[in-house]
Amino acid sequence: MSDDRLMVQAEQVRKSFGRTEVLKGIDLAVRPGEVMCVIGPSGSGKSTFLRCINHLEKIDSGRLSVDGHLVGYREKGGVLHELRDREVAAQRRDIGMVFQRFNLFPHMTALENVVEAPMRVRRTAKAAARQRGVELLERVGLGDRAHNYPAQLSGGQQQRVAIARALAMEPRLMLFDEPTSALDPELVGEVLDVMRGLATDGMTMVVVTHEMGFAREVGDTLVFMDDGVVVEAGDPKQVLTDPQHERTRAFLSKVL
Amino acid sequence: MPVRHPGRWVGAAVIAVLVAMFVHMLVTNPVFQWQFMVDNMFSDPVLTGARTTVIMTILAMVLGVLLGVVIAVLRLSPNPVLSGVSWAYVWFFRAIPRLVLLFFVASLGALYATYDIGFPFDTQLMDLFGFSADLRFLSLDGNQIFKGFLAGLIGLTLSEAAYMAEIVRAGIQSVDPGQTEAAAALGMGRGQIMRRIVLPQAMRVIIPPTGNETIAMLKDTSLLIAVPVTSELNFQLRAIGSRTFQVIPLAVASILWYVALSSVLMAGQYFLERRFSRGVGNRETRAQRAARRADQVGTA
Ligand SMILES: Nc1ncnc2c1ncn2[C@@H]1O[C@H](COP(=O)(O)OP(=O)(O)O)[C@@H](O)[C@H]1O
Ligand SMILES: [Mg+2]
């Protein structure tokens, strides 16, 4: 049974690479407008879970739905049918993703990066797409960088362009995979500020991060994952100050 | 005191003397027949030959690149049949010398008198149902297709596609997989990702060896003598050489023609490489520089 009021619903999601099981039955739910932060040691499956949400990885069992629709499958008479490439692509349009290593298109300027998907995928007219693109770049504080190539921008600026690029598809859900981990410390703040603004505007977000300050301040829920399972989930202040599980305590004592 | 390099001066002197001797030999040895060479080098059949050579090079490269891209994409396909066929194609055509392949293509006219295009195994299938008929739409005379220009073009294209497939594959694989993921996450389809994101970035890796391939192709058109393609440059120059018994001047003319044509290609390669290094490093592009100057003028 899936709840239509949930933006993301994961039930017993499992995923293996070869013989190693990386996700061992994940149950999580994200409400519309909620900001969920996910923490956990390296290799615990955080990225894999995020990638399952927009079907960059296929789950092996369990159910995963976004906005009431199963990810990558269609249910017909109790049987799951795999969606075709084109239908998977259509599902991804409504889910924005921001990567640790930015993954901007290096052969395109900042503005071209932002307008590419609206023009090619949504078939937005060029003038409208560019106008919207400039607005988005202004929103992330880069109105004057529209014609720079990624290599001419700092890491923080590149990540903000990447956020604008994802927003250009007007997603209902944004996924962030350690968006500030590849940045020099002094550039982290500018990216977190943009994300804080998004949260204030009501965007539903799932954020894998090591920024405990951000998780405490902006997050509605904090999830601690370890070794492919959700160990603990709850109010960020509660989890950070009074963790219920030994594994959470051990992890937090190392990072705080 | 500047550092002295006596070795360099001695070396330079020796080379200068050798060059002077060589030029002296070129000018004084009557075998070269310079005036005769110049007269023949730009005669009508030779100019036509140069045109044929250029057209053949362009066509064989364009078709070879297109076929090569298809083979490279098939090679990277998750379908093992498609990637296997593509692997076998590359293996086979890279193993054959072009000259041998051209001889073979030229002889295909003798294999079947006509080449029919139609339903596969049509007569066998019709037999099965008790008819004696065929399902063919088009019948081509083998001696006509596998002759001259077309035979040469087929041979060179098939060979070139194998080399280009390897070059394109290396280019595609040089692109960070994160690029494909980012594009997929935006909802772009597989074809769009290949055309808009991966291939343009692969170009930087693909273009330099493709330039070399083009120059090699220009030179390999001289192998068309195996077909033969009688209108081609080398064939024409050799024909004049043997007709007039002036082999050396025409051989030199041949060298000069290929040097000139190759040089044009090398210059083109330089500009293409610059064009496709856009966004690499933080060099300002021409459009950006223009925009910045316009801004400065505006504020001054
Ligand atoms: N494509 C893949 N193939 C094989 N193993 C993978 C792949 N992606 C991730 N893994 C493995 O899955 C585990 C979880 O990885 P990941 O989800 O990236 O963890 P996290 O993001 O929490 O650091 C790691 O042990 C990693 O090596
Ligand atoms: Mg990760």
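Keep in mind that this is a model prediction, so the values were computed, not measured.

Draft legend 1. Highlighting the sheet that holds strand β3 (residues 35–39) of chain A. Residues and elements named next belong to chain A. Strand order in the open sheet made by the six strands is β8-β9-β10-β3-β11-β12, with mixed pairing throughout. What marks the edges here is a single partner per strand, and that holds for β8 (95–98) and β12 (229–234). With strand direction ignored, the average angle separating the axes of adjacent strands in the sheet is 15 degrees. Sheet topology note: the β3/strand β11 (residues 221–226) ladder contains four bridges and is parallel. For Met-36, the partnering residue across the bridge sits in β11 and is Thr-221. Relative to the sheet, helix α5 (residues 155–167) contacts β8 and β9 (173–177), its axis offset from that of β8 by approximately 170 degrees.

Draft legend 2. Quick peek at the site of ligand 1. Residues and elements named next belong to chain A. Around ligand 1, the neighbouring residues are Phe-17, Val-22, Pro-41, Ser-42, Gly-43, Ser-44, Gly-45, Lys-46, Ser-47 and Thr-48. One of the backbone nitrogen or oxygen atoms of Ser-44 is found 3.2 Å away from an oxygen atom of ligand 1. Gly-45 has a polar backbone atom sitting 3.0 Å from an oxygen atom of ligand 1. The fraction of the free accessible surface of ligand 1 (560 Å²) that becomes covered by protein chains is 56%. The biggest single contributor to the shell around ligand 1 is helix α1 (residues 46–53), with three residues.

Draft legend 3. Summary view of the UniProt feature "domain: ABC transporter" (unreviewed entry) in chain A. Mapped onto the present numbering, the UniProt feature "domain: ABC transporter" (unreviewed entry) falls at residues 8–252 of chain A. With 37% helix and 28% strand, the stretch residues 8–252 of chain A has end C-alpha atoms that lie 26 Å from each other.

Draft legend 4. Here's a closer look at the interface of chain A and chain B. Listed per partner, the contact involves 29 residues of chain A and 25 residues of chain B. Taking both sides of the interface into account, the surface hidden between chain A and chain B amounts to around 2200 Å²; carbon and sulfur atoms contribute 54%. The three residues of chain A that bury the most area against chain B are A:Phe105, A:His107 and A:Tyr149, which together make up 24% of that side's buried surface. Our enumeration of links across chain A and chain B arrives at three salt bridges. Across the salt bridge formed by B:Arg190 and A:Asp85, the nearest N and O atoms sit 3.2 Å from each other. Here chain A is connected to chain B by seven residue pairs in polar contact (both at pLDDT 80 or more).

Draft legend 5. Here's a closer look at the sheet that holds strand β5 (residues 69–70) of chain A. All names here are of chain A. Taken in spatial order, the four strands line up as β2-β1-β4-β5 in an open sheet, and their pairing is antiparallel. The open sheet has two free edges, formed respectively by β2 (20–30) and β5, since each of these has just one partner strand. Relative to strand β4 (residues 61–66), strand β1 (residues 8–17) is paired through five bridges, and the arrangement is antiparallel. Pairing of Gln-9 across the sheet is with Ser-65, part of β4. The strands touched by α1 within the sheet are β1, β2 and β4, with β2 carrying the most contacts at an inclination of about 60 degrees.

Cut-offs applied
- Residue indices follow the written sequence of each chain, beginning from 1 at its first position.
- Lettering for chains starts from A, numbering for ligands starts from 1, and both go in the order in which the items are written.
- Two thresholds apply to this predicted model, a pLDDT of at least 70 for residue-level local features and 80 or more for giving and counting side-chain atom pairs, whereas whole-chain, interface and lining totals are computed over all residues.
- As a rule here, side-chain values come from all non-hydrogen atoms in the structure, and water together with hydrogens is ignored.
- If DSSP finds at least two bridges between two strands, the strands pair.
- In this text, helices come from DSSP runs of H or I with a minimum length of four residues, and strands from runs of E with a minimum of two, each type numbered from the N-terminal end.
- Each axis is a line fitted through C-alpha atoms, and for a helix only the stretch in contact is used; angles between axes span 0 to 180 degrees, taken between their N-to-C directions.
- A contact between two residues is defined here by any heavy atoms of the two lying within 4.5 Å.
- Nearness is judged by heavy atoms alone; a residue qualifies as near a molecule or strand once a single heavy atom is within 4 Å of it.
- Any N or O atom pair separated by 3.5 Å or less is treated as a polar contact, with the protein-specific requirement of one donor-capable and one acceptor-capable atom, and with residues adjacent in sequence counted only for side-chain atom pairs.
- Areas reported here follow the Shrake-Rupley algorithm with a probe of radius 1.4 Å; residue values treat only the protein chains shown as occluding.
- UniProt positions are given in the numbering used here, feature names are shortened, and annotations may be inferred rather than shown by experiment.
- We define buried area as the total accessible area lost by two parts upon association, computed with a 1.4 Å probe and summed across both.
- In the sections that follow, a salt bridge refers to a side-chain nitrogen of Lys or Arg positioned within 4 Å of a carboxyl oxygen of Asp or Glu.

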